[in-house]
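Structural features, examined
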Amino acid sequence: MSNVLTLTLKREFFDAILSGEKTTEYRDITSYWTPRLENKEHDTIVFRNGYNATSPTMTVEYKGLTIDRDSNPNRYALLLGKVLDTNNVN
């Protein structure tokens with residue numbers, strides 16, 4: 001059984017990951033994201049474009065987590081691999 005992280009994205013970022021243009025997803029280092037991302041083992045990320053049951057989704061290979069120290073403030077950088085599956089994508 002794989003460990004899946006599920007994240008919701010705006011359409012522009014969803015499409016950029018789907019096309020392969022965007023290979024890193026960022027999240028702020030906050031008390032919300034820290035326990036969800038640090039010291040966790042994930043195999044894949046399911047990205048959703050919306051909150052409806054029929055919203056487009058894609059499953060993407062998860063390559064790891066780093067901290068983007070070039071941004072201000074620092075933020076988490078989720079490294080993405082290839083798109084493994086899609087659902088309801090137009």
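Residues numbered from 1 in each chain as written. Predicted model: local features only at pLDDT ≥ 70, side-chain atom pairs only at ≥ 80, totals over all residues. Heavy atoms only, no water.

Quick word on the nonpolar core
- Among the nonpolar cores identified, the biggest contains 15 residues, and Leu-7, Ile-17, Ile-45, Phe-47 and Leu-78 are the most heavily contacted of them.
- The set of elements that each furnish at least two residues to this core consists of β1 (4-8), α1 (11-19), β3 (44-48), β4 (57-68) and β5 (75-87).
- Those residues in contact with Ile-17 that sit more than four places away from it in its chain are Leu-9, Lys-22, Glu-25, Phe-47, Met-58, Val-60, Leu-80 and Val-83. (Core = buried A, V, L, I, M, F, W, Y, C linked by side-chain atoms within 4.5 Å. Buried < 20%, exposed > 50% of the residue type's maximum accessible area, 1.4 Å probe, protein only. Helix = DSSP H or I, 4+ residues; strand = E, 2+ residues; numbered from the N terminus. Contact = heavy atoms within 4.5 Å.)

Points about unusual backbone geometry
- The peptide bond linking Asn-72 to Pro-73 adopts the cis configuration, its omega dihedral lying at 0°.
- Among the structural elements, Pro-73 can be located in the loop between β4 and β5.
- Within the chain, Asn-39 stands out as a residue other than glycine whose phi angle is a positive 60°.
- Following the sequence through the fold, Asn-39 ends up in the loop between α2 (34-37) and β3.
- Assessed through its relative accessible area of 80%, Asn-39 is described here as exposed.

Regarding the side chain of Asn-49
- As for its placement among the helices and strands, Asn-49 is situated in the loop between β3 and β4.
- At a separation of 3.2 Å, a polar atom in the side chain of Asn-49 contacts the side chain of Arg-11.
- Those residues in contact with Asn-49 that lie beyond four places of it in its chain are Leu-9, Lys-10, Arg-11, Phe-14, Ser-55 and Pro-56. (Polar contact = N/O pair within 3.5 Å; in protein donor to acceptor, adjacent residues only side chain to side chain.)

Some remarks on the environment of Thr-86
- You can see Thr-86 is positioned in strand β5.
- Once the C-alpha coordinates of Thr-86 and Val-60 are considered, the two residues, 26 residues apart in sequence, prove to be 9.0 Å apart.
- Discounting residues that sit within four places of it in the chain, Thr-86 has contacts with Leu-18, Thr-57 and Met-58.

As for α1
- Residues of α1 that are buried include every one of Phe-14, Ala-16 and Ile-17, and no others. Taken around the axis of α1, the buried residues stretch over an arc of 165°, which confines them to a single face. What points out from α1, more than 90 degrees from its buried face, is the exposed set Glu-12 and Ser-19.
- On the buried face of α1, the contacting elements are β2 (24-28), β3, β4 and β5.
- Directly beyond the C-terminal end of α1, a positive phi value near 90° is found at Gly-20. (Arc of directions from axis to C-beta.)

It is worth stressing that arrangement in space is one thing and function is another; only the former is reported here.
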